[in-house]
Amino acid sequence: MRVVVPFAPGRPKTRLAPVLDEAERTAFARTMLDDVLSVLSTLDRERGVSVDPLVLSTAPIDCGVSVAVDDRPLTDAVNDRLPASDGDDPVAVVMADLALATPDALARLFEPDADVVVAPGRGGGTNALVVRDPAFRVDYHGASVRDHREIAREADLSLAHVDSFRLATDVDEPADLVEVLLHGEGEAPAWLAETGVSVAAADGRADVERNSG
Ligand SMILES: Nc1nc2c(ncn2[C@@H]2O[C@H](COP(=O)(O)OP(=O)(O)OP(=O)(O)O)[C@@H](O)[C@H]2O)c(=O)[nH]1
Ligand SMILES: C[C@H](OP(=O)(O)O)C(=O)O
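About the cut-offs
Residues numbered from 1 in each chain as written. Chains lettered and ligands numbered in written order. Predicted model: local features only at pLDDT ≥ 70, side-chain atom pairs only at ≥ 80, totals over all residues. Heavy atoms only, no water. Near = heavy atom within 4 Å. Polar contact = N/O pair within 3.5 Å; in protein donor to acceptor, adjacent residues only side chain to side chain. Areas by Shrake-Rupley, 256 points an atom, 1.4 Å probe, with all protein chains shown as cover. Buried < 20%, exposed > 50% of the residue type's maximum accessible area, 1.4 Å probe, protein only. Helix = DSSP H or I, 4+ residues; strand = E, 2+ residues; numbered from the N terminus. Arc of directions from axis to C-beta. Contact = heavy atoms within 4.5 Å. Axes fitted to C-alpha atoms, helices over the stretch in contact; angles between N-to-C directions. Parallel < 35°, antiparallel > 145°, perpendicular 65-115°, else oblique. Left-handed = near helix turned anticlockwise from the far one by under 90°. Nonpolar A, V, L, I, M, F, W, Y, C, P; charged D, E, K, R; others polar. Phe/Tyr/Trp six-rings, centres within 6.5 Å; stacked < 30°, edge-to-face > 60°. Pairing = 2+ DSSP bridges.

**With respect to the site of ligand 1**
And step 1. Inspection of the region around ligand 1 gives 14 residues, with Ala8, Lys13, Thr14, Arg15 and Leu56 positioned closest.
And step 2. Contact between ligand 1 and proline 6: an oxygen atom at 3.0 Å from a main-chain N or O atom of the residue.
And step 3. Contacts to ligand 1 include alanine 96, whose backbone N or O atom sits 3.0 Å from an oxygen atom.
And step 4. Relative to its unbound accessible surface of 620 Å², ligand 1 loses 83% to contact with the protein.

Written out as structure tokens, the structure reads:
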């Protein structure tokens, strides 16, 4: 299946500014992208899931797979890559900030035989999708999972959800880094540790702290 991975390399992950400076956020976003691409490669090589990845980037990058450069807003760029006519091959969309994704977790996205398969993100987003019907179009940002349900319902499409902690955890805010450090299985947790980001208890809860050295 064609798997589109949207990626915006210019000034990424602004909400992580309390913990990482701009150069670090750029490097960390790239590390997460590489982790997601590595999981997709493992799915293809070891799990019998045919994966044809395409990074849909706002600027040219070199990442070892095909890249389409498209600087339009996310929704427009993704909609241009979805099935356009009956009989077109299905397309998956997997965000580049799913630092907890594993082959097992992502394999679940491809299991339901529905017109549209949605992996919701915490906070209302849509972290991953499979689209098998040209009547479906994405509308990202805001409570996009609600919008995507509505778009599928209005087009009378079958819709399946994937209930997955790993796919629901996109990395947007400092608290999400706790999940990466505790549960990540790619390079992202090591990158954070080397950069001096660690888990600390604060007011009885887990938080991240940044060493100054
Ligand atoms: N191709 C493309 N990808 C985008 C665009 N905006 C965001 N993305 C990617 O979409 C995914 C979700 O992005 P967000 O978390 O909403 O935005 P972000 O820019 O990474 O982070 P913030 O600055 O904190 O909003 C990530 O994989 C981004 O790299 C865009 O305009 N075009
Ligand atoms: C693209 C957007 O991502 P979020 O801002 O929720 O991480 C969404 O999933 O609609």
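**Notes on helix α4 (residues 144–154)**
And step 1. Taken together, the buried positions of α4 are occupied by Ser144, Val145, His148 and Ala152. Down the axis, α4 shows its buried residues gathered within 100 degrees of arc, on one side only. Away from the buried face of α4 by more than 90 degrees, exposed residues Arg146, Arg153 and Glu154 are located.
And step 2. Tucked into the core, α4 has its buried residues touching β5 (116–120), β6 (126–131) and β7 (159–161).
And step 3. One or two steps after α4, the chain reaches aspartate 156, where phi turns positive at roughly 60 degrees.

**Remarks on the packing of helix α6 (residues 174–183) against helix α7 (residues 188–195)**
And step 1. Where α6 meets α7, the closest approach of the two axes is 8 Å, and the angle between their N-to-C directions is 110 degrees. The angle between α6 and α7 falls in the class roughly perpendicular. Relative to α7, the crossing made by α6 is left-handed. In contact with Leu177, Val180 and Leu181 of α6, α7 contributes Ala188, Pro189, Leu192 and Ala193.
And step 2. Looking at the contact of α6 with α7 residue by residue, the classes come out as 7 nonpolar, no polar and no charged.

**Describing the packing of aromatic side chains**
And step 1. A full pass over the atoms with the stated rule returns 1 aromatic pair.
And step 2. Between phenylalanine 28 and tryptophan 191, the ring centres sit 5.3 Å apart and the planes meet at 35 degrees, which makes this aromatic pair tilted. Of the two residues, phenylalanine 28 is situated in helix α1 (residues 22–46) and tryptophan 191 in helix α7; the sequence distance between them amounts to 163 residues.
And step 3. Phenylalanine 28 gets classed as buried once you look at its relative accessible area, which sits at 0%.
And step 4. What makes tryptophan 191 buried here is its relative accessible area of 17%.

**Concerning the sheet that holds strand β3 (residues 66–69)**
And step 1. Here 7 strands make up an open sheet; going across it, the order is β3-β2-β1-β4-β6-β5-β7 and the pairing mixed. Both outer strands of the open sheet, β3 and β7, are each paired with one neighbouring strand and no more. Averaged over all adjacent pairs, the angle separating strand axes in this sheet is 20 degrees, with direction ignored.
And step 2. Where β5 and β6 come together, 5 bridges link them in antiparallel fashion. Looking at the pairing, valine 118 lines up with leucine 129 of β6.
And step 3. Taken strand by strand, α1 contacts β1 (2–7), β2 (52–57) and β4 (91–94), and its axis lies near 175 degrees from that of β1.

Keep in mind that these numbers describe shape and distance, not what the molecule does.
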